Amino acid sequence: MSAAEPSLRARELLGQTQVAPSILSADFGRLREQVREVLAAGARVIHVDVMDGHFVPPITVGPNVVAALAETVREAGGMIEAHLMIERPERTAADYVRAGADSVTIHAEATPHLARAVGLIHESGASAGVAINPGTPPEALAEVAGEIELALCMTVNPGWGGQPFIRSSLQKLPRLRTVTGESVAIEVDGGIDTATAPACRQAGASVFVAGSAIFGEPDPAAAYVAIAGSLSA
Ligand code: DX5
Ligand code: ZN
């Protein structure tokens, strides 16, 4: 596989409306099975939350979990987005690409070398996303907006699933679009469900991460379909 392939797949998929199940709320004892269920229901972007115990208090998973899922996801025509809630992501971002991530999203707050970190992600062959926390203004992305494929507006403070959606995000999303221009996908993450996803779409988002609203439900496939359906209504 050439180095360019992950990036091409990501560009194509992230250019479309996507509901991206976050495995943070999945049953890790049945992880591959649960991911298969949402892929079979139509999901094409699987969101893997990486936390280091520093940038955010919890510790979650590393490249080995991306590697464990990569083949299953690609066989279904999907992609993995690694959302790195870690300090100094430029040090390890390429490890996630080598493990099978097609897109890597890092936080603007996590490094003084944001532009270099974005460049390293591209050099490693993946698409690059940059996330901003609720307390960070959209303008933090201004200098890298021309370089990235995705801008992630956190709609909760990062670190935990199951938190309530921050309503003021709906005013922030149009400001983010002004900073990014039209060619960057805008993603929302945190408190996304059948009510908040359509509101975010109205405000300019096209990629919708949902953790507890999918894997916290008894039937994750049906929950995925319900959120996707709320966007086509
Ligand atoms: C939170 C993570 C999210 C998380 C969202 O820091 O980045 O991806 O899984 O969980 P929900 O959808 O439950 O708010
Ligand atoms: Zn996330």
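Note that the structure is predicted; figures quoted are calculated from it, not measured.

**Some remarks on the sheet that holds strand β3 (residues 79-85)**
Step number 1: Sheet architecture is open: eight strands sit in the order β1-β8-β7-β6-β5-β4-β3-β2, paired in parallel fashion. In the strand order of this sheet, the two ends are held by β1 (18-21) and β2 (45-51), each with one partner. On average, each strand axis in the sheet is inclined to that of its neighbour by 25 degrees, with strand direction left out of account.
Step number 2: Lying over the sheet, helix α6 (residues 169-180) contacts β5 (127-132), β6 (150-154) and β7 (185-189), oriented at roughly 160 degrees with respect to β6.
Step number 3: Of the strands in this sheet, β1 and β8 (207-210) touch helix α9 (residues 220-232), which is tilted by about 155 degrees from β1.

**Side note on the site of ligand 1**
Step number 1: Neighbouring ligand 1 are 20 residues; Ser22, Gly159, Gly162, Asp189 and Ser212 lie closest to it.
Step number 2: Asp189 has a polar side-chain atom sitting 2.8 Å from an oxygen atom of ligand 1.
Step number 3: Taking Ser212, its side chain carries an N or O atom lying 2.5 Å from an oxygen atom of ligand 1.
Step number 4: Protein chains shield 100% of the accessible area of ligand 1, which is 380 Å² for the free molecule.
Step number 5: Partitioning the shell around ligand 1 into residue classes produces eight nonpolar, ten polar and two charged.

About the thresholds
Residue indices begin from 1 for each chain and proceed along its sequence in written order. Whichever chain is written first is A, and whichever ligand is written first is 1; the rest continue in order. Local features in this predicted model are restricted to residues of pLDDT 70 or higher, and side-chain atom pairs are both shown and tallied only at a pLDDT of 80 or more, whereas totals for entire chains, interfaces and linings draw on every residue. As a rule here, side-chain values cover all heavy atoms of the structure and leave hydrogens and water aside. We call two strands paired when DSSP finds no fewer than two bridges between them. In this description a helix means any DSSP run of H or I spanning at least four residues, a strand means any run of E spanning at least two, and both kinds are numbered starting from the N terminus. Working convention: axes come from line fits to C-alpha atoms, limited for helices to the stretch in contact. Angles between N-to-C directions cover 0 to 180 degrees. Contact between two residues is taken to exist if any of their heavy atoms lie within 4.5 Å; hydrogens are not considered. Being near a molecule or strand, for a residue, comes down to having at least one heavy atom within 4 Å of it. Here a polar contact is recorded for every N or O atom pair within 3.5 Å, except that within protein the pair must consist of a potential hydrogen donor and a potential acceptor, and residues adjacent in sequence are included only if both atoms are side-chain atoms. Surface accessibility follows the Shrake-Rupley procedure with a 1.4 Å probe radius. Residue values consider only the protein chains on display as shielding. As a working rule, the residues Ala, Val, Leu, Ile, Met, Phe, Trp, Tyr, Cys and Pro are called nonpolar, Asp, Glu, Lys and Arg charged, and the rest polar, with Gly in that last group.

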